Amino acid sequence: MTKNLFEIWEECLTMIRENVPAQAFSTWFEPIRPVDYRNGLLTIQVPSDFFYEFLETHYIKVIKATIRKVLGPEGKLEYSIMMDNNENKPVVVKQPSVDRTNTKNPPKQIQIDFENTETRVMNPFALPGIKKINIESNLNENYCMDNFVVGECNRVAYEAGLAVAKNPGRTAFNPMFIFSPTGMGKTHVCQAIGLETKKHHPEMTVLYVNSEQFLMQFQAACRNNSSKSSRDDFVHFYQMIDVLIIDDIQYLSDKPKTQDTLFHIFNHLQQTNKQLIFTCDKPPAEIKGMEQRLISRFKWGLSAEMTLPDVETRRNILKRKAYNEGVELSEEVVNYIAEHIKTNVREMEGFLISLIAQSSLNRKAITINLAKQMVERFVNNSNREITISYIISMVCEEMGTSQADFFTSTRKRNVVQARQLSMHFAKKYTKASLNVIGEQCGGKDHATVIHSLKTVANLLETDKQFKMVADKIEANFQ
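Counting restarts for each chain: residues are numbered from 1 in the order of the written sequence. This being a predicted model, a pLDDT of at least 70 is required before a residue's local features are given, and a value of 80 or more before pairs of side-chain atoms are given or counted; all residues contribute to the totals for chains, interfaces and linings. Note that the side-chain values use all heavy atoms of the structure and ignore hydrogens as well as water.

Colleague: Looking at this model, I keep getting lost on the overall build of the protein chain. Mind explaining?
Modeller: We count a stretch as a helix when DSSP gives it H or I for four or more residues in a row; a strand needs E for two or more, and each element gets its number in order from the N terminus. Along its length, the protein chain carries 20 helices and 9 strands. Looking at the protein chain residue by residue over its 478 residues, the buried ones come to 48%. Contacts are residue-level and defined by heavy atoms, with any inter-residue pair within 4.5 Å sufficient. Within the protein chain, counting contacts between residues at least 6 apart in sequence, those at least 24 apart form 69% of the total. Carbon together with sulfur atoms contributes 48% to the accessible area of the protein chain, which is approximately 24,500 Å² in total. Buried, partly exposed and exposed residues are distinguished by accessible area as a fraction of the type maximum, computed with a 1.4 Å probe on protein chains only: under 20%, between the cut-offs, and over 50%, respectively. Note on areas: Shrake-Rupley with a 1.4 Å probe; residue coverage comes only from the protein chains shown.

Colleague: Just checking my understanding: could you explain the packing of helix 17 (residues 413-429) against helix 20 (residues 464-474) for this structure?
Modeller: A pair of packed helices can be characterised by two numbers: the angle between their axes and the separation between those axes. Angles here are taken between N-to-C directions and fall from 0 to 180 degrees, while the axes themselves are lines fitted to C-alpha atoms, restricted in helices to the stretch in contact. At a closest axis distance of 12 Å, the pairing of helix 17 and helix 20 adopts a crossing angle of 50°. For the element pair helix 17 / helix 20, the angle class is oblique. For the pair helix 17 and helix 20, the sense of crossing is right-handed. Residue-level inspection shows Q417, L421, F425, K428 and Y429 of helix 17 in contact with helix 20, the latter providing F466, A470, I473 and E474. In this scheme, roughly parallel covers angles under 35 degrees and roughly antiparallel covers those over 145, while 65 to 115 is roughly perpendicular and the rest are oblique. A crossing counts as left-handed when the near helix is turned anticlockwise from the far one by less than a right angle, and as right-handed when that turn is clockwise.

Colleague: Got a minute to help me understand the confidence of the model for the protein chain in this structure?
Modeller: pLDDT gives the predictor's per-residue confidence on a scale running from 0 to 100. Per-chain confidence: the protein chain averages 82 in pLDDT, with 84% of residues scoring 70 or above. Note on residues 84-91: pLDDT under 50 across the span, and 11 contacts to partners over four residues away in sequence or across chains.

Colleague: Would you mind showing me how to read the packing of aromatic side chains here?
Modeller: The relative placement of two aromatic rings is captured by the distance of their centres and the angle of their planes. Here a pair means two rings of Phe, Tyr or Trp (six-membered ring of Trp) with centres within 6.5 Å. Their orientation is stacked below 30 degrees between planes, edge-to-face above 60, and tilted elsewhere. Within the structure shown, the criterion is met by 14 aromatic pairs. Where F177 meets F298, the ring centres are 5.3 Å apart and the plane angle is 35°; that geometry is what we call tilted. Taken together, the positions of F177 in strand 5 (residues 176-179) and F298 in helix 10 (residues 292-298) put the pair 121 residues apart, joining distant regions of the chain. Centre to centre, the rings of F266 and F278 are 6.0 Å apart; their planes meet at 10°, and the pair counts as stacked. Of this pair, F266 sits in helix 9 (residues 256-271) while F278 sits in strand 8 (residues 275-280); the two residues are 12 residues apart in sequence, bridging distant segments of the chain. Judged by its relative accessible area of 0%, F278 falls in the buried class. Site record: aromatic cluster; members linked through ring pairs are F177, F266, F278, F298 and W300.

Colleague: What am I meant to see in the pairing of strand 7 (residues 243-247) here?
Modeller: Taken residue by residue, a regular strand's side chains alternate between the two faces of the sheet. The buried fraction of strand 7 amounts to 5 of the 5 residues, a majority that puts the element mostly inside the structure. The alternating pattern of strand 7 places V243, I245 and D247 on one face and L244 and I246 on the opposite face, and all of these are buried. Any two strands with at least two DSSP bridges between them are considered paired. Where strand 6 (residues 206-210) and strand 7 come together, 5 bridges link them in parallel fashion. Directly across from Y208, in strand 7, lies its bridge partner I245. Summarising the sheet, strand 7 and strand 8 pair through 4 bridges and their orientation is parallel. Paired with V243 across the two strands is Q275, which belongs to strand 8. Here a crossover is taken to be right-handed if, once the strands point away from the viewer, the path from the first strand over the helix to the second is traced clockwise. For the handedness criterion, the β-α-β arrangement of strand 7, helix 9 and strand 8 is classed as right-handed.

Colleague: Can you walk me through the nonpolar core in this structure?
Modeller: In summary, soluble globular proteins display a tendency toward joint burial of nonpolar side chains. Side-chain atoms within 4.5 Å link the members of a nonpolar core, which is a set of buried Ala, Val, Leu, Ile, Met, Phe, Trp, Tyr and Cys residues. Core analysis: the biggest nonpolar cluster contains 31 residues, and F214, Y238, L244, I249, F278 and F298 have the highest contact counts within it. No other element matches the 5 residues that helix 9 contributes to this core.

Colleague: Please clarify how the side chain of E56 should be interpreted in this entry.
Modeller: Topologically, E56 is positioned in helix 3 (residues 49-58). When its relative accessible area of 0% is taken as the criterion, E56 is described as buried. Counting of polar contacts relies on pairs of N or O atoms within 3.5 Å, with two restrictions inside protein: one atom must be capable of donating a hydrogen and the other of accepting it, and residues adjacent in sequence are counted only when both atoms are side-chain atoms. At 2.7 Å, the side chain of E56 and the side chain of Y79 are in polar contact.

Colleague: What's the story with helix 1 (residues 5-17) in this structure? I'm lost.
Modeller: The α-helix advances 3.6 residues per turn, and as a result positions three or four apart in sequence lie on the same side. When the terminal C-alpha atoms of helix 1 are compared, their 18 Å separation across 13 residues agrees well with the 18 Å that a helix rising 1.5 Å per residue should span. Taken together, the buried positions of helix 1 are occupied by L5, I8, W9, C12, L13 and I16. End-on view of helix 1: buried residues confined to an arc of 135°, all on one side of the axis. With a side-chain oxygen positioned 3.1 Å from the backbone nitrogen of F6, the residue opening helix 1 is N4. In this analysis, the expected span of each helix is defined as 1.5 Å times one less than the number of residues it contains. By construction, the arc corresponds to the directions joining the helix axis to the C-beta atoms.

Colleague: Explain the environment of M290 here, please?
Modeller: Considering the arrangement of structural elements, one finds M290 in the loop between strand 8 and helix 10. We classify M290 as buried; its relative accessible area is 8%. Put simply, M290 and Q250 are 40 residues apart on the chain and 8.1 Å apart in space, counted from C-alpha to C-alpha. Those residues within four positions of M290 in sequence are excluded, and the remaining contacts are I249, L252, S253, Q259, I295 and F298.

Colleague: Sorry, what's going on with the sheet that holds strand 6 here?
Modeller: Consider a sheet: its strands pair through backbone hydrogen bonds, and that pairing is either parallel or antiparallel. Pairing is parallel in the open sheet, where 5 strands are placed in the order 6-7-8-5-9. Only two strands of the sheet have a single partner each, and these edge strands are strand 6 and strand 9 (302-305). When the angles between neighbouring strand axes are averaged without regard to direction, this sheet yields 15°. Sheet strands in contact with helix 5 (residues 155-166) are strand 5, strand 8 and strand 9, and its direction is about 155° off that of strand 5.

Colleague: Would you mind showing me how to read the packing of helix 17 against helix 19 (residues 446-462) here?
Modeller: Contact geometry for helix 17 and helix 19: axes closest at 9 Å, N-to-C directions at 95°. By the angle between their axes, helix 17 is roughly perpendicular relative to helix 19. Side by side, helix 17 and helix 19 meet where Q417, Q420, L421, M423, H424 and K427 of the first sit next to T448, V449, S452, L453, T455, V456, L459 and L460 of the second. Gly is placed with the polar residues, together with every amino acid not listed as nonpolar (Ala, Val, Leu, Ile, Met, Phe, Trp, Tyr, Cys and Pro) or charged (Asp, Glu, Lys and Arg). A class-by-class count of the residues in the contact of helix 17 with helix 19 yields 7 nonpolar, 6 polar and 1 charged.

This is the structure we're talking about:
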């Protein structure tokens with residue numbers, strides 16, 4: 001009895017389903033529709049040329065085995081690809097299935113290297129005509145691993161980053177989510193991972209982009225074409241990246257369309273074992289205005305927290321920065337700066353540059369007296385810029401509490417007291433309302449903040465040890 005078209009395709013799907021992961025089957029095979037079957041040639045319709053390219057690149061062996069099993073040794077497969085022409089009318093392009101592993105007579109392929117103007121994928125970073133191999137990574141060579149100073153504050157991110165660079169997309173750290181308050185070195189470490197990856201895998205395409213750039217590119221793609229083609233080009237471009245690094249992901253908050261696009265890019269790259277790296281100023285669970293499905297995916301891999309460096313790490317950072325600038329600093333000067341500039345790494349490095357400039361312009365040596373004068377001015381200026389985020393960082397550092405725990409609902413005594421002290425200092429040193437203080441201190445309500453302020457006031461009067469810790473922390477704000 002002769003089988004009809006749909007019976008043939010259903011038999012093919014049954015065999016494919018047994019040989020590919022369920023998620024891959026749902027993504028890449030369920031959208032396919034059978035179109036025709038005659039003389040041993042099966043024609044199937046796929047949504048786009050990128051879809052065709054992906055199937056032929058990743059599932060050719062399964063497809064060939066299936067066609068051979070269902071249609072016999074002489075069976076053939078043809079793709080019907082729906083594409084847009086310049087008039088935005090659908091055009092059908094047919095492509096035979098081919099064996100990409102046959103290098104003796106390589107078949108003509110649909111180009112996704114930005115050269116074929118009819119089926120090109122737009123590169124949002126450059127003018128049309130640039131091949132994938134020439135895509136700039138946007139990485140700063142100065143942000144390399146050799147220039148990264150490792151301490152307990154960043155060791156997890158550093159060690160995991162080295163593992164990712166050696167085997168991108170193949171470790172348990174995918175995605176890799178790095179979070180910390182501003183100025184702790186997130187950009188440095190994520191770019192260093194990208195540079196290290198290129199050393200180990202020069203054939204891979206590594207791309208660093210900050211979230212604002214990603215957002216502007218997406219908005220431009222939406223403006224440039226009223227049809228879906230321009231937006232699809234944007235998605236397809238990012239889906240071809242081997243290691244995608246997006247910095248400061250929090251700036252995509254409350255941008256539902258951009259988040260939806262990122263969601264599809266994320267799924268594709270994750271399913272195809274490509275590496276994703278994100279940075280943020282807070283842990284995934286604390287990002288406001290981000291879709292829950294994205295937040296859950298951020299949690300799939302490793303969340304690595306970077307905290308304020310301890311005094312020894314700050315000394316090492318200063319020495320490395322001074323060495324890179326070609327300046328010698330005495331141990332006395334290094335120690336003084338490290339003990340008095342605690343806000344964050346970026347401000348400490350900025351202070352050192354100012355100190356070097358002051359020394360050079362006035363033709364004075366960098367002495368302890370000059371350092372003291374500069375620190376006094378710097379600290380006085382910094383006091384006007386105390387933020388709740390900075391207060392939380394200082395409290396957590398002094399009390400030995402991780403910021404990851406700080407933002408959870410745990411009732412451990414040290415974490416609860418860290419939250420209460422942060423609320424106390426936020427009320428004292430910022431102009432934020434009680435609602436804002438509660439929101440930034442772990443999403444607490446107005447009543448919780450009032451209770452915390454009363455508890456801290458009572459402890460300061462009755463618990464000498466608690467008061468000593470509070471006074472030590474407060475010294476950073478005065």
